[in-house]
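Chains, contacts and geometry: an overview
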Amino acid sequence: MSNPYEVLGVSPNASDEEIKKAYRELAKKYHPDNYADSPLADVAEQKMKEVNEAYDEINRMRQKGKGTGSTSNTAGAGGSTYYSNGSNSQFYSVRIYIQRNMIQEAERILDSTPEGNRTAEWYYLKGMCAFRKGWNDQANSYFTTACNMDPNNGEYRAALNNMNSQQHFNYGGYNTGNVNNTGGMGCSCCDICSAIMCADCLCNCARGC
Amino acid sequence: MFGYLQVRKSELLVREWEAYKAVYCGLCKQMGKDYSFLTRLSLSYDCTFYAMLLLSLEKACPGFEKGRCRFNPLKKCQFARCDSDCYSKAAAFSVISAYYKLKDDLQDSGFWKRLAVRLVLPFFSRWHKKAARRYPQLETLVADMMTAQNLAEQNSETGVDAAAHPTANMLGSVLSLEAHDELQRRVYYEFGYHIGRWIYLIDAADDLEKDEKNRNFNPFLRVKAADMQAYQTQVLNQSLARAYDAYQLITLIDFKGILDNMMVYGFPSKQNAVVYHRQEEEDVKSV
């Protein structure tokens, strides 16, 4: 394993507080919620694991004995819940393909589905394929159709909400303030849209961080 | 490429701004060395971004050196040094893109512009050959992009996604050339894909009125949205948001402050300026 201090981006002389802060920022940055539906979810999960291990390692090395140690059962949970609710669906294999990033195979099955069998789930999965490819516009209309056909389904709704929040910048760390170790970049009090509109507010805020 | 990948100067530290200029000047110098001083005219902010990203990924910038501007010998400037072929690669990418852009202009521009393009094209085609010989992978990717783009524009069913795909795919593939393993390759591809998509779409938003008048292809002309500006903002926001997600997974140290600035401030403010036809704030007007 590489140097745990490097993983957290802190110097070996950093105080416990600084380490905790760095850890929290990274944990927020790689949080599975930020990568819901993303083709890079597994990469983020991997990074999260490294950060957790590094943090645990540092705590072990410093042997504080205050019980600040293990993180493994708090952060990082939730990464495995994706697709768990589709195991008995008729499109089970499609879900597996999507999960493995084999989008062409998934689309082939979906496209060969006769018109009559195109349920809300079909539209949802079509949307997911489009989303994985980066075809956001199509994904948006498929997700919308899926939600209209089955308004009570939480899975479809979550995908559509994810689209909406990306379209409004509240997603992707624009308002999480996790870049402020690079010199006044962070801005946790306002999201980037309004931040740009009122540059004054933003300047003051960024300096304050 | 078209010059949308800018920094927001007001949010940069002074030393970061100096470093940004030094990369720009370093790249300009390399273009003069590899090709001709004329190719420097094709140097864009987009290629500066590419060069800076390469320098950062390869940790190839050992420091800065003082010198004089190659255009104006009275002006002193700094050059960011480079241990590797980052500048050459970015210069080649710039020349190759400029060449195909000119060839494209030859097909769908007015009489006077076509005349001007005919005049400079022979020069560019010589430099292009040289660049293509040195970086055949870049050449293939850009050439394929142009072919795919023309096909997409001829298809009457091409929507926003399909129209943006060739550029997005090209930039994704160009960046994944830098990857050392499969995980990195996927992250770089995703990052490049969404940045490329954003560049294509913001250019389309910029040209919408012109294309409507000249009856040229523009993906937004086929969109039926009640509020076109809101629609464009949503589509562009989402590309930036997804690019930012991938960006977060790339480990960067050198120039991180500058690249962060571009992702968080530079691109969104450029986007707002284009979509809402706003005057840009005092910005990178003169490097």
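We now turn to the structure provided with this report. Keep in mind that what you see is a predicted model, and the values were worked out from it rather than measured. (Residues numbered from 1 in each chain as written. Chains lettered and ligands numbered in written order. Predicted model: local features only at pLDDT ≥ 70, side-chain atom pairs only at ≥ 80, totals over all residues. Heavy atoms only, no water.)

Topic: the overall build of chain A
The cut-off we apply is this: Going along the chain from the N terminus, every DSSP run of H or I of four or more residues is numbered as a helix, and every run of E of two or more is numbered as a strand. Each residue gets one of three labels from its accessible area relative to the maximum for its type: buried under 20%, exposed over 50%, partly exposed in between, using a 1.4 Å probe on protein chains only. A contact between two residues is defined here by any heavy atoms of the two lying within 4.5 Å. A 1.4 Å probe and the Shrake-Rupley method give the accessible areas. Residues count as covered only by the protein chains that appear here.
From N to C terminus, chain A includes ten helices and zero strands. Starting at the N terminus and ending at the C terminus, chain A contains elements arranged as α-α-α-α-α-α-α-α-α-α. Here chain A holds 209 residues, and 47% of them are scored as buried. For chain A, the share of sequence-separated contacts (at least 6 apart) that also reach a separation of at least 24 residues comes to 49%. Accessible surface computed for chain A: about 10,500 Å², of which carbon and sulfur atoms make up 46%.

Details of a nonpolar patch on the surface
The following threshold applies: Any residue with relative accessible area above 30% and no salt bridge may belong to a patch, with like charges joined within 9 Å and the nonpolar Val, Leu, Ile, Met, Phe, Trp and Tyr side chains within 5 Å. Between Lys or Arg on one side and Asp or Glu on the other, a salt bridge is scored when a side-chain nitrogen of the former is within 4 Å of a carboxyl oxygen of the latter.
A contiguous nonpolar surface patch, about 440 Å² in accessible area, is contributed by Phe 37, Leu 38, Leu 41 and Phe 71 of chain B. Here Phe 71 of chain B shows up in the loop between β1 (64–68) and β2 (76–80).

Some details on the pattern of salt bridges
For side chains of opposite charge, pairing can occur when their charged atoms come near one another. Scanning all chains against the criterion turns up 18 salt bridges over all chains. For Arg 62 of chain A, the salt bridge goes to Asp 16 of chain A, with nearest N and O atoms at 2.7 Å. With Arg 62 of chain A in helix α3 (residues 41–62) and Asp 16 of chain A in helix α2 (residues 16–29), this residue pair connects regions lying 46 residues apart in the sequence. Overall, Arg 62 of chain A belongs to the partly exposed group, its relative accessible area being 24%. With relative accessibility at 31%, the residue Asp 16 of chain A sits in the partly exposed group. The closest approach of N and O atoms between Lys 113 of chain B and Asp 105 of chain B, which form a salt bridge, is 3.7 Å. Given the relative accessible area of 45%, Lys 113 of chain B is considered partly exposed.

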